[in-house]
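One-letter residues, chain by chain:
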Amino acid sequence: MTISTAPLADATQMTSPLAADRQAVLDRCVARVAETSRVIGLRNPRVGRADLSWDYCDPFDWVISFYAGQLWLAYQFSGNPALANLARARQADLRLVLDTVAGQDHDLGFIFSLNCVADWKLTGHEASRALALRAAEALRARFNCAGHYIQAWNAAGPERPERAAFVAGRIIADTMQNLALLYWAHAETGNPDFKAVADSHAETTRKTLVRDDGTSFHTYVFDPVSGAPLRGETHQGYAHDSCWSRGQAWLIHGFALCYQTTGNADYLATARRLASAAEVLLGDDAVPLWDFRLPAGEPQHLDSSAGAVMSAGLFILADVTTGEESLHWRALAERLLDGLVKNCDLTQTQGALGLLSGGAANVPRGSYDTMLPYGDYYYMEALMRSLGHRRFGW
């Protein structure tokens with residue numbers, strides 16, 4: 001199929017001073033992605049280095065498509081077929097994922113929605129649609145019928161029994177973002193099983209990961225045989241009873257998107273509860289801490305990626321609500337986005353290959369204050385949503 005060189009952006013024109021400022025930042029992001037594509041080539045950024053260059057992904061890393069997602073977003077504005085071709089060329093990596101069962105986990109949605117589904121939606125590329133449908137089938141196959149959840153991670157083989165014990169029967173907050181692939185597959189094929197699995201996992205998540213006060217666990221553990229719910233835990237947060245900010249953000253974005261897709265009122269109610277709790281926990285901060293319930297004596301690392309994900313999710317929540325409530329969520333989304341622009345934006349920093357500083361990849365493992373490709377992707381998404389754009393891979 002021939003790719004059009006005409007820009008594909010679909011926002012209503014906005015002329016306010018705030019919109020003009022947001023457009024200027026977005027223009028810099030688009031220019032940065034186009035510029036860095038000549039350096040990055042077909043590699044996939046994984047985490048930033050101190051000199052603002054990138055370390056790159058191994059073949060089965062869960063973040064392999066976030067830079068491709070940025071390329072597709074940039075393509076919408078430039079119409080530059082070189083950006084589309086660079087994103088599509090990465091699909092060779094995705095075929096390897098589909099051909100390697102051990103390389104597949106719950107992050108198939110991140111991996112295929114941001115590249116193959118985006119390609120299909122923007123250009124009608126049939127091969128990309130076929131890859132995304134294969135990925136949706138693989139994601140659906142991870143469903144545990146006893147516990148009504150999608151298994152998050154894989155065991156690492158008999159040589160690591162402790163890993164097998166850790167991952168068994170475990171869901172995580174991040175999976176809510178991956179459900180979009182299943183909902184898309186349902187819309188494409190009419191097969192009700194895709195939607196049934198997504199709905200079932202979302203309902204299980206709503207009942208287990210989301211606490212009564214609107215905060216969240218990062219993970220929840222079930223008996224892998226009976227499906228009985230056992231306990232909530234964390235993997236990347238400060239403690240089991242704390243609230244990892246990026247996990248809270250994944251859930252806000254995920255439930256708002258699920259409501260937008262399905263119209264299920266329970267999803268909207270859950271997104272509201274999560275957003276209300278996050279607003280209280282955020283306090284006066286412009287950029288979230290990596291965990292919302294850090295003791296005062298602990299290192300107060302920021303997580304710009306949590307702010308970007310949360311801002312994008314709150315814009316969705318503003319879109320699906322009305323009146324004063326919609327204005328409230330939009331104001332909170334703008335506040336978070338403004339915090340990123342003022343405190344973390346790298347688009348005017350010469351030599352930086354990414355868009356945002358201040359990301360916390362995994363604080364317990366010592367990875368923080370860095371660039372992150374998912375922070376960069378959601379930064380662009382939040383900027384676009386703030387300006388009224390609606391074309392995304394989700």
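The shown structure was predicted, so the numbers you read here are calculated from the model rather than taken from an experiment.

Draft legend 1. View of the packing of aromatic side chains. This model, assessed by the stated rule, comprises 20 aromatic pairs. Relative to phenylalanine 110, the ring of tryptophan 62 lies with its centre 5.5 Å away and its plane at 55°, an arrangement referred to as tilted. Of this pair, tryptophan 62 sits in the loop between strand 2 (54–56) and helix 2 (66–78) while phenylalanine 110 is found in helix 5 (residues 108–123), placing the two residues 48 residues apart along the sequence. Assessed through its relative accessible area of 1%, phenylalanine 110 is described here as buried. Consider the rings of tyrosine 377 and tryptophan 394, whose centres lie 6.3 Å apart with planes at 80°: the pair is edge-to-face. Here tyrosine 377, found in helix 14 (residues 373–386), pairs with tryptophan 394, found in the segment after helix 14; they are 17 residues apart in sequence, far enough to count as distant.

Draft legend 2. Summary view of the side chain of asparagine 115. Inspection of the secondary structure puts asparagine 115 in helix 5. Among the polar contacts listed, one links the side chain of asparagine 115 to the side chain of tryptophan 72, at a separation of 3.2 Å. Setting aside anything within four residues of it in sequence, one finds asparagine 115 in contact with Ser65, Ala68, Trp72, Ala87, Arg88, Arg90, Gln91 and Leu94.

Draft legend 3. Representation of the environment of serine 245 within the structure. You can see serine 245 is positioned in helix 10 (residues 245–262). When the C-alpha atoms of serine 245 and leucine 317 are compared, they prove to be 18 Å apart, with 72 residues separating the residues in sequence. Apart from the residues lying within four places of it in its own chain, the contact partners of serine 245 are Pro288, Leu289, Trp290, Asp291, Phe292, Asp303, Ala306 and Met310. At 3.0 Å, the side chain of serine 245 and the backbone oxygen of tryptophan 290 are in polar contact.

Draft legend 4. Up close: the sheet that holds strand 5 (residues 170–172). Ordered by their spatial adjacency, three strands build an open sheet running 5-6-7, and the pairing between neighbours is antiparallel. Edge positions in the sheet fall to strand 5 and strand 7 (229–233), since each has one partner strand and no second. When the angles between neighbouring strand axes are averaged without regard to direction, this sheet yields 20°.

Cut-offs applied
- Residues numbered from 1 in each chain as written.
- Predicted model: local features only at pLDDT ≥ 70, side-chain atom pairs only at ≥ 80, totals over all residues.
- Heavy atoms only, no water.
- Phe/Tyr/Trp six-rings, centres within 6.5 Å; stacked < 30°, edge-to-face > 60°.
- Helix = DSSP H or I, 4+ residues; strand = E, 2+ residues; numbered from the N terminus.
- Buried < 20%, exposed > 50% of the residue type's maximum accessible area, 1.4 Å probe, protein only.
- Polar contact = N/O pair within 3.5 Å; in protein donor to acceptor, adjacent residues only side chain to side chain.
- Contact = heavy atoms within 4.5 Å.
- Pairing = 2+ DSSP bridges.
- Axes fitted to C-alpha atoms, helices over the stretch in contact; angles between N-to-C directions.

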